[in-house]
Amino acid sequence: MVDLSINFAGIKAPNPFWLASAPPTNSGYQIMKAFEAGWGGAVWKTLGIPVVNVSSRYGSVNYRDTRMMGFNNIELITDRPLADNLREIEEVKKYFPNHAVIASLMVETRKEWIQIIKDVENAGVDGIELNFGCPHGMCERGMGSAVGQEPEVLKTIVEWAKDAAKVPVITKLTPNISHITDPGLAAYQGGTDAISLINTIKSIVGIDLDTYAPYPIVDGKGTNGGYCGPAVKPIAMNMLKDLAQHPEISKIPLSGIGGIETWRDVVEFILLGATSIQVCTAVMHYGFGIVREMDAGLRAFMDTKGYHTIYDFAGLALPNVTEWKHLDLKYKVIAAINPDKCIGCDLCYIACDDGAHQAIARSIDLKNRIPSIIEENCVGCNLCSLVCPVENCITMLRKDDGTAHVTWAERTNADDIPTSFNDNRAGGIGHFVPKPTDALKS
Ligand SMILES: Cc1cc2nc3c(=O)[nH]c(=O)nc-3n(C[C@H](O)[C@H](O)[C@H](O)COP(=O)(O)O)c2cc1C
Ligand code: SF4
Ligand code: SF4
């Protein structure tokens with residue numbers, strides 16, 4: 001029997017599905033509606049000295065038929081008075097005592113941190129999240145990502161918060177930094193109980209071709225916004241992995257955020273070490289109801305694999321995520337086309353000939369347009385299988401027999417790596433490439 005309940009750094013919730021601090025958590029009405037729909041926790045829209053927002057606020061990257069593949073905003077923290085939010089927090093906790101209500105906070109001085117932490121604790125929150133991530137507006141005022149990008153400052157504020165707080169403290173990190181482990185370690189050393197990531201990525205999503213202003217446009221002008229949605233999931237997962245593999249940071253729980261939309265996304269984040277997940281854009285796009293698919297899918301996955309709780313599989317992908325230098329250089333795959341599935345569209349030929357290694361031959365038989373792989377030229381890059389529009393039409397077949405194994409690290413230790421520009425230990429030695437002038441004949 002699957003049990004989805006979690007204890008995240010002391011914050012208990014009926015499931016790991018949390019709403020990220022954002023417009024869907026702007027009010028008690030929305031959070032109660034979300035809990036009714038099945039969400040286990042919510043991080044309240046960031047509280048602080050209320051702001052004045054602009055209009056418009058959002059931009060989108062629509063990719064072919066997919067709207068909001070990437071999403072961008074220039075919204076700030078809450079623009080509602082603190083007293084209104086506190087009253088609604090209290091009310092939500094009255095109706096949902098077993099759900100996780102976490103207050104996201106962003107203020108400036110130590111005095112303000114102490115005061116607002118006291119206020120939200122009195123309202124009954126189960127935890128607080130320190131917002132060191134907002135990459136627009138608030139950072140110009142010395143808050144948000146301005147703190148997240150300065151590990152020493154971040155550590156000091158985490159220490160202030162830990163001194164003041166009775167409830168668990170989560171530190172939310174900005175991805176707008178070269179090494180996520182720098183602020184991650186600072187948060188850990190400052191005593192944070194947990195880390196959440198990622199906040200949004202500094203971005204410009206497009207330029208209007210009539211006014212030459214960036215979206216979203218505010219009276220003819222724009223500014224960089226924060227990017228999120230499905231497009232940022234790979235960046236978020238990589239940063240999560242960096243923290244989850246760190247010997248010290250990995251001792252505290254991690255809440256995964258960034259592009260999560262389906263149960264599969266949830267499982268992937270858990271496999272990389274997250275033990276709660278947070279969602280913003282997908283809810284803004286499709287509403288609170290998406291949690292039903294997440295819940296059913298996660299339960300079915302755990303049933304099939306025989307897992308009782310999410311802790312049974314949290315982090316299980318981490319040992320398989322290694323450094324490039326530890327990958328097996330002897331492992332060899334090549335592409336294989338299934339003639340029964342091929343529709344003769346030519347996409348694989350074009351991709352391989354123009355963008356890869358000239359390892360696909362077109363059919364000269366006009367009645368049978370199925371291309372063929374030139375095995376000796378194929379480097380096993382995957383490109384053709386990725387562009388092929390027919391599922392499983394091109395598969396990658398293993399060609400080595402698995403007996404030999406050598407990595408770049410091992411070859412380096414054995415002094416067996418190319419060291420000069422024309423070294424005959426180069427990987428491409430002897431590999432077929434057409435003559436440059438062959439291009440003129442095709
Ligand atoms: C319109 C909008 C407003 C947001 N406001 C906040 C905020 O007040 N505090 C915060 O910590 N994160 C804020 N975020 C960031 C989200 O909580 C989340 O970290 C980010 O959107 C990535 O998750 P997603 O890909 O599921 O949207 C906001 C995001 C959006 C789109
Ligand atoms: S795997 Fe790469 S090299 Fe091989 S046929 Fe496909 S695109 Fe060409
Ligand atoms: S891309 Fe796929 S379907 Fe199209 S020709 Fe190549 S193998 Fe056939």
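Residues numbered from 1 in each chain as written. Chains lettered and ligands numbered in written order. Predicted model: local features only at pLDDT ≥ 70, side-chain atom pairs only at ≥ 80, totals over all residues.

### So, the site of ligand 1
Working step 1: Taken together, 27 residues form the shell around ligand 1, and within it Ala 20, Thr 46, Cys 228, Cys 280 and Thr 281 come nearest.
Working step 2: Mapped onto the shell around ligand 1, the elements with two or more residues apiece are strand 4 (41-47), strand 6 (66-73) and helix 9 (281-286).
Working step 3: Counted by class, the shell around ligand 1 contains 12 nonpolar, 12 polar and 3 charged residues. (Near = placed C-beta within 6 Å. Helix = DSSP H or I, 4+ residues; strand = E, 2+ residues; numbered from the N terminus. Nonpolar A, V, L, I, M, F, W, Y, C, P; charged D, E, K, R; others polar.)

### Things to note about the sheet that holds strand 10 (residues 194-197)
Working step 1: Strand order around the closed barrel formed by 8 strands is 3-4-7-8-9-10-13-14, with parallel pairing between neighbours. The average angle at which neighbouring strand axes cross in this sheet is 25 degrees, direction not considered.
Working step 2: Sheet analysis places strand 13 (residues 254-257) next to strand 14 (residues 274-279), joined by 4 bridges and oriented parallel. The residue of strand 14 that forms the bridge with Leu 254 is Ala 274. (Pairing = 2+ DSSP bridges. Axes fitted to C-alpha atoms, helices over the stretch in contact; angles between N-to-C directions.)

### Description of the site of ligand 3
Working step 1: Neighbouring ligand 3 are 13 residues; Cys 342, Cys 345, Leu 347, Cys 348 and Cys 388 lie closest to it.
Working step 2: For the shell around ligand 3, the per-class residue count stands at 11 nonpolar, 1 polar and 1 charged.

### Points about the sheet that holds strand 11 (residues 201-203)
Working step 1: Spatially, 5-6-12-11 is the arrangement adopted by the 4 strands of the open sheet, whose pairing is antiparallel. For this open sheet the edge positions go to strand 5 (58-63) and strand 11, each flanked by a neighbour on one side alone. Between one strand axis and the next, the sheet turns through 40 degrees on average, direction left out of account.
Working step 2: In the sheet, strand 5 pairs with strand 6 via 5 bridges, with the strands oriented antiparallel. Residue Tyr 63 lies in a different strand from strand 6, and its bridge partner there is Thr 66.

### What to know about helix 3 (residues 110-123)
Working step 1: For helix 3, spanning 14 residues, the distance from its first C-alpha to its last is 20 Å, which sits close to the expected 20 Å at 1.5 Å a residue.
Working step 2: Residues Trp 113, Ile 116, Ile 117, Val 120 and Ala 123 constitute the buried set of helix 3. Angularly, the buried residues of helix 3 cover 125 degrees about the axis, an arc narrow enough to put them on a single face. Exposed side chains of helix 3 directed beyond 90 degrees from the buried face belong to Lys 111 and Asn 122.
Working step 3: Buried residues in helix 3 make contact with strand 4, helix 2 (82-95), strand 7 (100-105), strand 8 (127-131) and helix 5 (151-164). (Expected span 1.5 Å × (residues − 1). Buried ≥ 20, exposed ≤ 12 C-beta atoms within 10 Å, placed from the backbone. Arc of directions from axis to C-beta. Contact = placed C-beta atoms within 7 Å.)

### Observations concerning helix 8 (residues 263-271)
Working step 1: Among the residues of helix 8, those classed as buried are Trp 263, Asp 265, Val 266, Val 267, Phe 269 and Ile 270.
Working step 2: Those residues of helix 8 hidden inside the fold are in contact with helix 7 (233-244), strand 13, strand 14 and helix 10 (290-305).
Working step 3: One or two steps after helix 8, the chain reaches Gly 273, where phi turns positive at roughly 110 degrees.

### A short note on the pairing of strand 4
Working step 1: For strand 4, the buried fraction is high: 7 of the 7 residues fall into the buried class.
Working step 2: Bridge count for strand 3 (residues 17-19) against strand 4 is 2 bridges, and the pairing is parallel. Paired with Leu 19 across the bridge in strand 4 is Ala 42.
Working step 3: Regarding topology, helix 1 (residues 28-37) serves as the crossover connection from strand 3 to the parallel strand 4, and that connection is right-handed.
Working step 4: Here 5 bridges tie strand 4 to strand 7, and the two strands are oriented parallel to one another. Bridge assignment links Gly 41 to a residue of strand 7, and that residue is Ala 100. (Right-handed = clockwise from strand over helix to strand, strands pointing away.)

### Here's the deal with the packing of helix 2 against helix 3
Working step 1: One way to put it is that helix 2 packs onto helix 3 with a least axis distance of 8 Å and a crossing angle of 30 degrees. On helix 3, the residues touching Leu 82, Leu 86, Ile 89 and Glu 90 of helix 2 are Asp 119, Val 120 and Ala 123.
Working step 2: Along the lines of polarity and charge, the residues of the contact of helix 2 with helix 3 split into 5 nonpolar, no polar and 2 charged.

### Quick word on the environment of Phe 301
Working step 1: Within the secondary structure, Phe 301 is located in helix 10.
Working step 2: Distance in space between the C-alpha atoms of Phe 301 and Trp 263 is 8.8 Å, their sequence separation being 38 residues.
Working step 3: Setting aside residues no more than four positions away along its own chain, Phe 301 makes contact with Trp 263 and Val 267.

### Quick word on the pairing of strand 10
Working step 1: Of the two faces of strand 10, the one lined by Ala 194 and Ser 196 and the one lined by Ile 195 and Leu 197 are each fully buried.
Working step 2: The pairing of strand 9 (residues 169-172) with strand 10 spans 3 bridges and is classified as parallel. When the bridges of strand 10 are listed, Ile 170 appears paired with Ala 194.
Working step 3: Regarding the hand of the β-α-β motif, the stretch spanning strand 9, helix 6 (residues 181-189) and strand 10 is right-handed.

### Section: the nonpolar core
Working step 1: Ranked by internal contacts, the top residues of the largest apolar core, which has 97 residues, are Ile 102, Leu 105, Val 120, Ile 128 and Leu 240.
Working step 2: Examining the composition of this core, we find that 6 residues originate from one element, helix 7, more than from any other.
Working step 3: Not counting chain neighbours up to four residues away, the residues in contact with Ile 102 comprise Ile 11, Gly 41, Val 43, Trp 44, Val 125, Asp 126, Gly 127, Ile 128, Glu 129 and Ile 170.
Working step 4: Ile 337, Tyr 349, Cys 352 and Cys 384 belong to the second-largest nonpolar core, a separate cluster that totals 12 residues. (Core = buried A, V, L, I, M, F, W, Y, C linked by C-beta atoms within 7 Å.)

### Thoughts on the domain arrangement of the protein chain
Working step 1: Taken as a whole, the protein chain is organised into domain 1 (6-320) and domain 2 (324-417 + 429-435).
Working step 2: Each of domain 1 and domain 2 has a C-alpha centre, and these two points are 40 Å apart. (Domains from an automatic or database assignment.)

### Observations regarding the packing of helix 5 against helix 6
Working step 1: Packing of helix 5 against helix 6 brings their axes to within 8 Å, and their N-to-C directions diverge by 25 degrees. Taken together, the axes of helix 5 and helix 6 lie roughly parallel to each other. Where helix 5 crosses over helix 6, the two elements pack in a sense that is right-handed. Here Pro 151, Glu 152, Leu 154, Lys 155 and Val 158 of helix 5 lie close against helix 6, whose contacting residues are Asp 182, Pro 183, Ala 186, Ala 187 and Gln 189.
Working step 2: Its residues placed into classes, the contact of helix 5 with helix 6 shows 6 nonpolar, 1 polar and 3 charged. (Parallel < 35°, antiparallel > 145°, perpendicular 65-115°, else oblique. Left-handed = near helix turned anticlockwise from the far one by under 90°.)

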